[in-house]
Amino acid sequence: MEISEEKTDSEKDEYLEKWITQMNNWNVELDEIYAKIAAADTDSEAKLEQKAHVSVLRRKRDEAREKLADIQSVGNDGWEGFKNGMESLKAIIDDDFLNVKAKF
């Protein structure tokens, strides 16, 4: 393996680790939000609406997980092409988390 290939392996591994950590953080946040919804003293209609927002966040998180799996499966030559899409998706998900948290 050449030095440039080792660097690419290392960069890809670091990127994947970053995203695994992000996924874990989102999972914790989703659990916390869901617990707040369950404990909230609001009517059932409001809870249903809030749970729907959480479901949307979970779907987007799952979409990010699928894209992460794509990055894991591609070779070192092609994984960087996925970075922009992942970063854009992260920005969208982060904004959605902020919007949902603001409702509490």
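Owing to the predicted nature of the structure, the values given are computational and were not obtained by experimental measurement.

(A) Representation of the overall build of the protein chain in the model. Scanning the protein chain from terminus to terminus reveals three helices and zero strands. Seen in sequence order, the protein chain has helices and strands lined up from the N terminus as α-α-α. Radius of gyration (C-alpha) of the protein chain: 17 Å, far over the 13 Å computed for a compact globule of 104 residues. In terms of its C-alpha atoms, the protein chain occupies a principal-axis envelope of roughly 60 × 20 × 20 Å. Across the 104 residues in the protein chain, those meeting the buried criterion constitute 28%. Considering only contacts in the protein chain between residues 6 or more positions apart, those separated by 24 or more positions represent 77%. Total accessible area computed for the protein chain in this model is approximately 6700 Å², and 49% of it derives from carbon and sulfur atoms.

(B) Quick look at the pattern of salt bridges. Under the defined criterion, the tally for this structure stands at six salt bridges. For the salt bridge of Glu87 with Lys18, the shortest nitrogen-to-oxygen distance reads 3.2 Å. Of this pair, Glu87 sits in helix α3 (residues 83-102) while Lys18 sits in helix α1 (residues 3-39); the two residues are 69 residues apart in sequence, bridging distant segments of the chain. On the basis of relative accessibility, which here comes to 41%, the residue Lys18 falls in the partly exposed class. Across the pair Arg61 and Asp62 runs a salt bridge, and its minimum N-O distance is 2.9 Å. A relative accessible area of 27% means that Asp62 is categorised as partly exposed. Members of the salt-bridge network, linked through shared partners, are Arg61, Asp62 and Arg65.

(C) Spotlight on the side chain of Lys90. Tracing the sequence through the fold places Lys90 in helix α3. Side chain to side chain, Lys90 and Asp94 meet in a polar contact 2.6 Å long. Contacts of Lys90, omitting those with residues within four sequence positions, involve Trp19, Gln22 and Trp26.

(D) Quick peek at the environment of Leu48. Summarising the element assignment, Leu48 is placed in helix α2 (residues 44-73). In this structure, the C-alpha to C-alpha distance between Leu48 and Ile37, residues eleven residues apart in sequence, is 9.1 Å.

Calculation notes
Residues numbered from 1 in each chain as written. Predicted model: local features only at pLDDT ≥ 70, side-chain atom pairs only at ≥ 80, totals over all residues. Heavy atoms only, no water. Helix = DSSP H or I, 4+ residues; strand = E, 2+ residues; numbered from the N terminus. Rg over C-alpha atoms; globule rule 2.2 N^0.38 Å. Buried < 20%, exposed > 50% of the residue type's maximum accessible area, 1.4 Å probe, protein only. Contact = heavy atoms within 4.5 Å. Areas by Shrake-Rupley, 256 points an atom, 1.4 Å probe, with all protein chains shown as cover. Salt bridge = Lys/Arg side-chain N within 4 Å of Asp/Glu carboxyl O. Polar contact = N/O pair within 3.5 Å; in protein donor to acceptor, adjacent residues only side chain to side chain.

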